[in-house]
Amino acid sequence: QVRLVESGGGLVQTGGSLRLSCAASGRTFSSYAMGWFRQAPGKEREFVAAITRSGGDTYYADSVKGRFTISRDNAKNTVYLQMNSLKPEDTAAYYCAARWNTIATAIYEYAHWGQGTQVTVPS
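Source: prediction; values computed, not measured.

Here strand β5 (residues 46–51) lies mainly inside the structure; five of its six residues are buried. Here strand β4 (residues 32–39) runs beside β5; their pairing, made up of five bridges, is antiparallel. Counted as the bridge partner of Trp36 is Ala49 from β5. Where β4 folds back on β5, the antiparallel hairpin that results is connected by six residues, among which Gly42 adopts a positive phi of roughly 75°. Linkage of β5 to strand β6 (residues 58–60), two consecutive antiparallel strands, is achieved through a turn of six residues, within which Gly55 is found at a positive phi near 90°.

Structure representation (structure tokens):
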């Protein structure tokens, strides 16, 4: 079992940056692929980014490609999401998730979820 706690959300102006962090409990963090998802009010949760266990491969939704960067530090049991050039449409609750072993982009593939952190970019 792995417990995930996100932090780093907040209010930022259009064009600004934020870095989200997700701290994981347990000694097997490096055995999990990690993902970031988001959910805007009235919308379904959607994939944002994912990273393999080693950090060697990453995947991004087209809507964030070139603006967001996912990374991880296995020594610190933490995964990050650097968000640059933020837009009002990035406003959402952001969730990190863990999946045993292999990377995936589908929500149902992830068994472990954090509680979320809110990102707001006013229009």
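This part takes up the nonpolar core. Formed by 36 residues in total, the largest nonpolar core has its most connected members in Met34, Trp36, Leu81, Met83 and Tyr94. Every element with two or more residues in this core is listed here: β3 (18–24), β4, β5, β7 (68–73), β8 (78–83) and β9 (92–100). Beyond its immediate chain neighbours, meaning those up to four positions away, Met34 contacts Leu4, Cys22, Phe29, Ala49, Ala50, Ile51, Ile70, Arg72, Val79, Ala97, Ala98 and Tyr110.

What follows covers the pairing of β4. Of all eight residues that make up β4, seven are buried, and the element is covered over most of its length. Sheet topology note: the β4/β9 ladder contains eight bridges and is antiparallel. In the strand pairing of β9, Gly35 is matched with Ala97.

Rules used throughout
- Residues numbered from 1 in each chain as written.
- Predicted model: local features only at pLDDT ≥ 70, side-chain atom pairs only at ≥ 80, totals over all residues.
- Heavy atoms only, no water.
- Buried < 20%, exposed > 50% of the residue type's maximum accessible area, 1.4 Å probe, protein only.
- Helix = DSSP H or I, 4+ residues; strand = E, 2+ residues; numbered from the N terminus.
- Pairing = 2+ DSSP bridges.
- Core = buried A, V, L, I, M, F, W, Y, C linked by side-chain atoms within 4.5 Å.
- Contact = heavy atoms within 4.5 Å.

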